[in-house]
Amino acid sequence: MNIKTILSVIFVVSVLLGNCISTEGRKISDRQSAKGKVVDEKEEMTAGSFMVASECENCNNGYRLNQVVFSGFDKKLRSNQESFFITNHTDRTLTAVALYIDYLTPDGRQLHKKYYRLVCNIPPGETRKADIRTWDTQNSFYYEKCAPSRGGGSPFTVRFDPVAYYLRY
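All values derive from a computational prediction rather than experimental measurement.

J.: Sorry if this is basic, but what is going on with the state of the cysteines here?
T.: Covalent bonding between the sulfur atoms of two cysteines defines a disulfide. All told, the structure shown has one disulfide when counted by the stated rule. The residue that forms a disulfide with cysteine 56 is cysteine 59, at a sulfur-sulfur distance of 2.2 Å. Every disulfide takes its handedness from the sign of the S-S torsion; for cysteine 56 and cysteine 59 that torsion is 60°, giving right-handed. The class for cysteine 59 is partly exposed, based on a relative accessible area of 31%.

Next comes the structure, spelled out in structure tokens:
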């Protein structure tokens, strides 16, 4: 074998190993903490907690989905983050929420829908702010209740659709 062949083989092997190493063990996840960082699937979200996932009066130990309220949404035109408030109207500490956020035009046409699992620590009767990465990666939309900027952009509104939440025992 000449030097060119050996170098070619080494290059091909290193490229193949580099691709295997760079993708192995990586997990893609849309789960985010209330601070916006991506959390690992194995993170302790439900340990020591129980899930509430319906409006049933006789289910979930008497807890209902509407006892956790989402409000105060904010996203400016050039912002990479969205924020909103989560209020815990239960008698236990809220440890996580799972929800869909529908992004709509002001006349109600859907622009986007995204699922979030947010880890939090909200005591009973209290409110905390959640910051998440925006769905608007090109920064061309702003929340309709925010002041429009001189750069134009299109307004949107949101609808929160809670799927479940977790309460500490």
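J.: Help me understand unusual backbone geometry in this model?
T.: Both trends apply: most residues other than glycine have a negative phi, and most peptide bonds are in trans. Of note, asparagine 60 is a non-glycine position whose phi angle comes to about 55°, a positive value. Unlike most non-glycine residues, asparagine 139 shows phi in positive territory, near 50°. Take asparagine 139: it is sitting in the loop between strand S7 (127–133) and strand S8 (141–143). What makes asparagine 139 buried here is its relative accessible area of 15%.

J.: Looking at this structure, how should I read the pattern of salt bridges?
T.: Side chains carrying opposite charge are able to pair once their charged atoms draw close together. One pass over the full model with this rule turns up six salt bridges. Between aspartate 102 and arginine 159 there is a salt bridge; the shortest N-O distance is 3.2 Å. You can see aspartate 102 sitting in strand S5 (residues 94–104) and its partner arginine 159 sitting in strand S9 (residues 154–168), a full 57 residues away along the chain. By relative accessible area, aspartate 102 is classed as buried at 4%.

J.: Help me understand the sheet that holds strand S3 (residues 68–74), please; the structure alone is not making it clear to me.
T.: Backbone hydrogen bonds hold the strands of a sheet together, and the pairing may be parallel or antiparallel. Spatial ordering of the open sheet is given by S3-S4-S7, a layout of three strands whose pairing is antiparallel. A single partner strand is all that each edge strand has here, and the edge strands are S3 and S7. With strand direction ignored, the average angle separating the axes of adjacent strands in the sheet is 30°. In this sheet, strand S4 (residues 81–88) lies alongside S3 in antiparallel orientation, the contact comprising five bridges. When the sheet's bridge partners are listed, valine 68 is paired in S4 with asparagine 88.

J.: When you look at the nonpolar core in this model, what are you seeing that I'm missing?
T.: Note that soluble globular proteins tend to have their nonpolar side chains buried in a common cluster. Phe84, Ile86, Leu94, Val97, Tyr103, Leu118 and Tyr165 are the most contacted members of the largest nonpolar core, which totals 28 residues. At the level of secondary structure, the elements contributing two or more residues to this core comprise strand S2 (49–52), S3, S4, S5, strand S6 (110–122), S7, S8 and S9. By residue number, the principal contributor to this core is S5, which donates five residues. Excluding anything up to four places from it in sequence, isoleucine 86 contacts Val68, Val69, Phe70, Leu94, Val97, Leu118, Ile122, Glu126, Thr127, Arg128 and Ala130.

J.: What exactly am I supposed to notice about the environment of arginine 109 here?
T.: Locating arginine 109 in the fold gives a position in the loop between S5 and S6. On the basis of relative accessibility, which here comes to 53%, the residue arginine 109 falls in the exposed class. Excluding its chain neighbours within four sequence positions, the residues that come into contact with arginine 109 are Tyr103 and Leu104.

J.: Could you clarify how one ought to interpret the confidence of the model for the protein in this entry?
T.: Where the model shows low pLDDT, its predicted coordinates should not be examined in detail. Model confidence for the protein is summarised by a mean pLDDT of 81, while 72% of its residues fall at 70 or above. Contacts of residues 38–43 to residues separated by more than four positions or lying in other chains number 17 contacts, the stretch itself having pLDDT below 50.

J.: Can you walk me through the packing of aromatic side chains in this structure?
T.: To describe a pair of aromatic rings, you give the distance between the ring centres and the angle between the ring planes. Counted under the stated rule, the structure contains 15 aromatic pairs. On the numbers, 5.6 Å between centres and 50° between planes, the contact of phenylalanine 50 with tyrosine 63 is tilted. Separated by 13 residues along the polypeptide, phenylalanine 50 in strand S2 and tyrosine 63 in the loop between S2 and S3 bring together distant segments of the chain. Owing to a relative accessible area of 8%, tyrosine 63 belongs among the buried residues under this scheme. Ring plane angle 55° and centroid distance 5.1 Å describe the contact between phenylalanine 84 and phenylalanine 160, whose orientation is recorded as tilted. Of this pair, phenylalanine 84 sits in strand S4 while phenylalanine 160 sits in strand S9, and the two are 76 residues apart along the sequence. Joined through ring pairs, the aromatic side chains of Phe70, Phe73, Phe84, Tyr103, Trp135, Phe141, Tyr143, Phe156 and Phe160 make up one cluster.

Cut-offs used in this document
Residues numbered from 1 in each chain as written. Predicted model: local features only at pLDDT ≥ 70, side-chain atom pairs only at ≥ 80, totals over all residues. Heavy atoms only, no water. Disulfide = S-S within 2.5 Å. Buried < 20%, exposed > 50% of the residue type's maximum accessible area, 1.4 Å probe, protein only. Helix = DSSP H or I, 4+ residues; strand = E, 2+ residues; numbered from the N terminus. Salt bridge = Lys/Arg side-chain N within 4 Å of Asp/Glu carboxyl O. Pairing = 2+ DSSP bridges. Axes fitted to C-alpha atoms, helices over the stretch in contact; angles between N-to-C directions. Core = buried A, V, L, I, M, F, W, Y, C linked by side-chain atoms within 4.5 Å. Contact = heavy atoms within 4.5 Å. pLDDT = per-residue confidence, 0-100. Phe/Tyr/Trp six-rings, centres within 6.5 Å; stacked < 30°, edge-to-face > 60°.

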